[in-house]
Amino acid sequence: MQYSHPFGLAAGMDKRAEALRGWESIGLAFSEIGGVTMLEQSGNPKPRMFRHGGDRALVNRMGFNNPGSEKIVQQLRRSGPRSIPVWANLGKSKLTPIDEAKIDYSTTMNRLWPFVDVFVINVSSPNTPGLRDLQHGDHLKGILNACIEVNQTNSERENVPSKPLLIKVAPDLTIEQLEAVVDEALACEIDGIVATNTTLERPNQSSKIYLEQGGCSGSPLKNQSTEMIRHIYSYTDGKLPIVGVGGIMNAEDAWEKILAGATLLQAYAGFVFEGPGLTKSIVHGLHNKLKHSEFETIADAVGSSHRS
Ligand SMILES: Cc1cc2nc3c(=O)[nH]c(=O)nc-3n(C[C@H](O)[C@H](O)[C@H](O)COP(=O)(O)O)c2cc1C
């Protein structure tokens, strides 16, 4: 796929797919809706999102509050023509047992298929009990195969190409676990990895929000996420496209992730602390970085820290 620049919206900001026009109008290259689950669910009780302005950090335990994939389809039908690709983040309904997770993911994918350009299998949210276990072994294989089948069936029926399918990973995986996910992704010919979701780690215990349960994102996640990108890139020799997300607050952070190996980038916390102008400052900032670098295009810069 072609993108006008590398920067898009991370999952979780537009859980109901209500603001597609807005994401286009602030200049993003793509947006990601969801997490969407098969069943409608209200998520965890409030309060469930906490912010630390000084650290530019968030802790959240939203728990996939969303209207469910049937209602999301109605919303997408109403949303009209698009000017940027729309991705969907697929989660598992809380009520669905882990052993039936593949039905949950593939049902949502099947429902959304006609309306979405890229699918992200999210097995890395810390806020649905047991979800992160789906990153391992037969669970992951089962989910990937079920989603690949839905992709193939729809593409054959509509006589159009199949759609890119990505896996989103947690920053808390060990190196061995990460490599196992990547091996599975390569074996199933998955199109890329989104690195990363929120972390269970905390930068310190000195602030009240860090004692809250949930996943931490924003600046404290930045290096952990970049190191994962770096490792995936070197482990795969740059053969698997990586979407870099975690603590991108400015063009410098974005550039760092590109050099480490990210082809596309996303942010959530950055928009909370910097506002919608973040897109413009990152896109202009990246343009400047490129101008003062030895590279002609962003694609040339991807993974270049591994070559220097
Ligand atoms: C309130 C909130 C809700 C989120 N919901 C989702 C989600 O539904 N699915 C998902 O894959 N990631 C979700 N995320 C994670 C983000 O997409 C992103 O991976 C993470 O926040 C790191 O990026 P950041 O440092 O730019 O925030 C959520 C994050 C926040 C803060």
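Residues numbered from 1 in each chain as written. Predicted model: local features only at pLDDT ≥ 70, side-chain atom pairs only at ≥ 80, totals over all residues. Heavy atoms only, no water.

Caption draft 1: Just the sheet that holds strand E11 (residues 264-267), in detail. Strand order in the open sheet formed by eight strands is E1-E11-E10-E8-E7-E6-E5-E2, and the pairing between neighbours is parallel. Every interior strand has two partners, whereas the edge strands, strand E1 (7-9) and strand E2 (31-36), have only one. Averaged over neighbouring strand pairs, the angle between their axes works out to 25° when direction is ignored. Of the strand pairs in this sheet, strand E7 (residues 165-169) and strand E8 (residues 192-195) are connected by four bridges, and their pairing is parallel. Each bridged residue has a counterpart across the sheet, and for Ile167 the counterpart in E8 is Ile193. Across the sheet, helix H5 (residues 175-187) lies against E7 and E8, angled at about 175° from E7, the strand it touches most. (Pairing = 2+ DSSP bridges. Helix = DSSP H or I, 4+ residues; strand = E, 2+ residues; numbered from the N terminus. Axes fitted to C-alpha atoms, helices over the stretch in contact; angles between N-to-C directions. Contact = heavy atoms within 4.5 Å.)

Caption draft 2: The arrangement of the packing of aromatic side chains in detail. Throughout the structure, instances matching the rule amount to five aromatic pairs. Aromatic pair Phe30 and Trp87: ring centres 4.3 Å apart, planes at 25°, arrangement stacked. Note that Phe30 is positioned in the loop between helix H1 (20-25) and E2 and Trp87 in strand E5 (residues 86-90), a separation of 57 residues in sequence. Accessibility expressed as a relative area gives 2% for Trp87, which makes it buried. Seen in terms of ring centroids, Trp255 and Phe295 are 6.4 Å apart; in terms of plane orientation they differ by 55°. Their pairing is tilted. With Trp255 in helix H7 (residues 251-260) and Phe295 in the loop between helix H9 (278-291) and helix H10 (298-301), this residue pair connects regions lying 40 residues apart in the sequence. On the basis of relative accessible area, Phe295 is assigned to the buried category, the value being 16%. One aromatic cluster is present, formed by Tyr3, Phe30 and Trp87 through successive ring pairs. (Phe/Tyr/Trp six-rings, centres within 6.5 Å; stacked < 30°, edge-to-face > 60°. Buried < 20%, exposed > 50% of the residue type's maximum accessible area, 1.4 Å probe, protein only.)

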